[in-house]
Amino acid sequence: QVQLVESGGGLVQAGGSLRLSCAASGRIFGINVMRWYRQTPGKQRELVAAITSGGRTEYADSVKGRFTISRDNDKNTVSLQMNILKPEDTAVYYCNVELTYGGAGFWGQGTQVTVSS
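Quick notes on the rules
Residues numbered from 1 in each chain as written. Predicted model: local features only at pLDDT ≥ 70, side-chain atom pairs only at ≥ 80, totals over all residues. Heavy atoms only, no water. Pairing = 2+ DSSP bridges. Helix = DSSP H or I, 4+ residues; strand = E, 2+ residues; numbered from the N terminus. Axes fitted to C-alpha atoms, helices over the stretch in contact; angles between N-to-C directions. Disulfide = S-S within 2.5 Å. Buried < 20%, exposed > 50% of the residue type's maximum accessible area, 1.4 Å probe, protein only. Core = buried A, V, L, I, M, F, W, Y, C linked by side-chain atoms within 4.5 Å.

Novice: Any chance you could explain the sheet that holds strand S3 (residues 18-26) here in plain terms?
Specialist: Whether parallel or antiparallel, the strands of a sheet pair through hydrogen bonds between backbone atoms. Here four strands make up an open sheet; going across it, the order is S1-S3-S8-S7 and the pairing antiparallel. Both outer strands of the open sheet, strand S1 (2-7) and strand S7 (67-72), are each paired with one neighbouring strand and no more. For this sheet, the mean angle separating the axes of adjacent strands, direction not counted, is 15°. Across six bridges, S7 lies against strand S8 (residues 77-82) in antiparallel orientation. Directly across from Ser-70, in S8, lies its bridge partner Ser-79.

Novice: Please clarify how the state of the cysteines should be interpreted in this entry.
Specialist: As used here, a disulfide is simply a covalent bond connecting the sulfur atoms of two cysteines. With the rule as written, the count across this model stands at one disulfide. Between Cys-22 and Cys-95 runs a disulfide, and the two sulfur atoms are separated by 2.2 Å. With the S-S dihedral at roughly -85°, the linkage between Cys-22 and Cys-95 falls on the left-handed side. Of this pair, Cys-22 sits in strand S3 while Cys-95 is found in strand S9 (residues 91-99), placing the two residues 73 residues apart along the sequence. Of the two residues, Cys-22 and Cys-95, both sit in the buried class.

Novice: How should I be thinking about the nonpolar core in this particular structure?
Specialist: Nonpolar side chains tend toward joint burial in soluble globular proteins. Core analysis: the largest hydrophobic core is formed by 30 residues, its most contacted members being Leu-4, Trp-36, Phe-67, Val-78, Leu-80, Met-82 and Tyr-93. Of all the secondary-structure elements, those providing two or more residues to this core are S1, S3, strand S4 (31-39), strand S5 (46-52), S7, S8, S9 and strand S11 (111-116). With five residues, S9 is the single largest residue contributor to this core.

Okay, structure coming up:
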């Protein structure tokens, strides 16, 4: 069906930067919304950022001004540039895509981001 491959996670010191990327492949004819979520043990998975096919963006209050989401519609990829990282940003980050037709959603396997003090 649809496969999402994430990359860019890792360990970084507070104040540093990371760039996450997600590439979607498979039976894709159109993607409506692409999103990044994150989750830590004991907490619900939360929306970090979203971007529509038209380029409209949405961010969680905790990351506004620090994170930037972008997409390449020709390559079906979405990226998350994370700057001025804080220890509280530590989480598993998940890529999510919502297809245009039928509204089917797909998830990546998750990539660990760890920010040290």
